[in-house]
Amino acid sequence: MRQNRESVSPMSNEGRNIYVIDHITESLLTLLEDKAMEHISISELCDNAGIGRASFYRNFDSKEDILRAYINKLFNGWKNTWEKNNNIPLSSGIGMIFEHFEEHRSFYHLLNERHLIYLLKDVILDTMELKPDLPKGEAYAKAFVVYSLYGWIEVWFQRGMQESAEEMKQLFQSQGV
């Protein structure tokens with residue numbers, strides 16, 4: 001049985017690791033509210049999180065990796081729903097993505113404000129399973145949808161997410177995607 005955050009003993013190695021990851025993530029998000037990523041040092045991040053530098057480097061290679069891991073964590077909820085309902089049309093899945101961003105608006109607003117929205121691209125590519133070894137028709141069709149979606153998300157964030165998730169879904173569908 002695979003353990004999750006709720007079932008792991010806080011005294012186990014895994015429990016301590018979850019604690020470190022959570023505190024590093026929380027620390028970075030707090031610091032990003034006041035300053036740009038390039039002005040946050042690893043030492044400041046670790047001091048703010050109350051952990052040692054070795055703990056940081058045991059879990060991450062860079063500050064951006066913290067955000068990638070957090071985005072992946074947030075996306076796992078959406079992805080699990082998608083996989084459970086794998087018969088739903090792509091347009092409904094696209095709608096679910098926009099709903100996800102709306103649900104976590106403050107985090108994504110922070111990413112956009114700090115010019116870190118590019119970190120989403122890799123997560124979206126992985127989530128949509130766009131891989132170079134796909135058959136060419138599937139690879140290019142997925143690439144069209146994925147990169148179109150990423151572009152739409154980026155512009156939506158830049159516009160301050162003025163439109164609702166439902167409006168975005170309808171606009172995306174109206175493009176014939």
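Quick caveat: nothing in here was measured; it's all calculated off a predicted structure.

1. Regarding helix H9 (residues 165-174)
Link 1 in the chain: If you check which residues of H9 are buried, you get Ala165, Met168, Lys169 and Phe172. With its buried residues spanning 100° around the axis, H9 presents them on a single face.

2. Thoughts on the environment of leucine 120
Link 1 in the chain: Among the secondary structure elements, leucine 120 is positioned in helix H7 (residues 119-127).
Link 2 in the chain: If we ignore the near neighbours within four places in the chain, the residues touching leucine 120 are Ile71, Phe75, Phe101, Tyr108, Tyr150, Ile153 and Phe157.

3. Topic: the pattern of salt bridges
Link 1 in the chain: Evaluation of the coordinates by the stated rule reveals 4 salt bridges.
Link 2 in the chain: Lysine 142 is the salt-bridge partner of glutamate 138, the closest N and O atoms lying 3.8 Å from each other. With a gap of 4 residues between them, glutamate 138 and lysine 142 both fall in helix H8 (residues 136-158), about one helical turn apart.
Link 3 in the chain: Note on glutamate 138: relative accessible area 36%, which makes it partly exposed.
Link 4 in the chain: For lysine 142, a relative accessible area of 24% gives the class partly exposed.
Link 5 in the chain: The residue arginine 159 makes a salt bridge to glutamate 163 at a minimum N-O spacing of 2.5 Å.
Link 6 in the chain: With relative accessibility at 40%, the residue arginine 159 sits in the partly exposed group.

4. Regarding the side chain of histidine 100
Link 1 in the chain: Relative to the assigned elements, histidine 100 resides in helix H5 (residues 90-103).
Link 2 in the chain: Exposure remark for histidine 100: the relative accessible area of 6% places this residue in the buried category.
Link 3 in the chain: Engagement of the side chain of histidine 100 in a polar contact is seen with the side chain of tyrosine 108, the distance being 2.7 Å.
Link 4 in the chain: In contact with histidine 100, not counting residues within four places along its chain, are Leu74, Phe75, Trp78 and Tyr108.

5. Overview of the nonpolar core
Link 1 in the chain: By size, the foremost hydrophobic cluster in this structure holds 51 residues, and its most contacted members are Leu67, Phe101, Tyr108 and Leu120.
Link 2 in the chain: Broken down by secondary-structure element, the contributors of at least two residues to this core are helix H1 (13-32), helix H2 (42-49), helix H4 (63-84), H5, helix H6 (105-113), H7, H8 and H9.
Link 3 in the chain: Once residues within four sequence positions are removed from consideration, leucine 67 is found in contact with Leu28, Leu29, Leu32, Met37, Phe107, Leu111, Leu116 and Leu119.

6. Re the environment of asparagine 17
Link 1 in the chain: Structurally, asparagine 17 is set in helix H1.
Link 2 in the chain: Put simply, asparagine 17 and phenylalanine 56 are 39 residues apart on the chain and 10.0 Å apart in space, counted from C-alpha to C-alpha.
Link 3 in the chain: In terms of polar contacts, asparagine 17 uses its side chain to reach the side chain of asparagine 59, at 3.1 Å.

Quick notes on the rules
- Residues numbered from 1 in each chain as written.
- Predicted model: local features only at pLDDT ≥ 70, side-chain atom pairs only at ≥ 80, totals over all residues.
- Heavy atoms only, no water.
- Buried < 20%, exposed > 50% of the residue type's maximum accessible area, 1.4 Å probe, protein only.
- Helix = DSSP H or I, 4+ residues; strand = E, 2+ residues; numbered from the N terminus.
- Arc of directions from axis to C-beta.
- Contact = heavy atoms within 4.5 Å.
- Salt bridge = Lys/Arg side-chain N within 4 Å of Asp/Glu carboxyl O.
- Polar contact = N/O pair within 3.5 Å; in protein donor to acceptor, adjacent residues only side chain to side chain.
- Core = buried A, V, L, I, M, F, W, Y, C linked by side-chain atoms within 4.5 Å.

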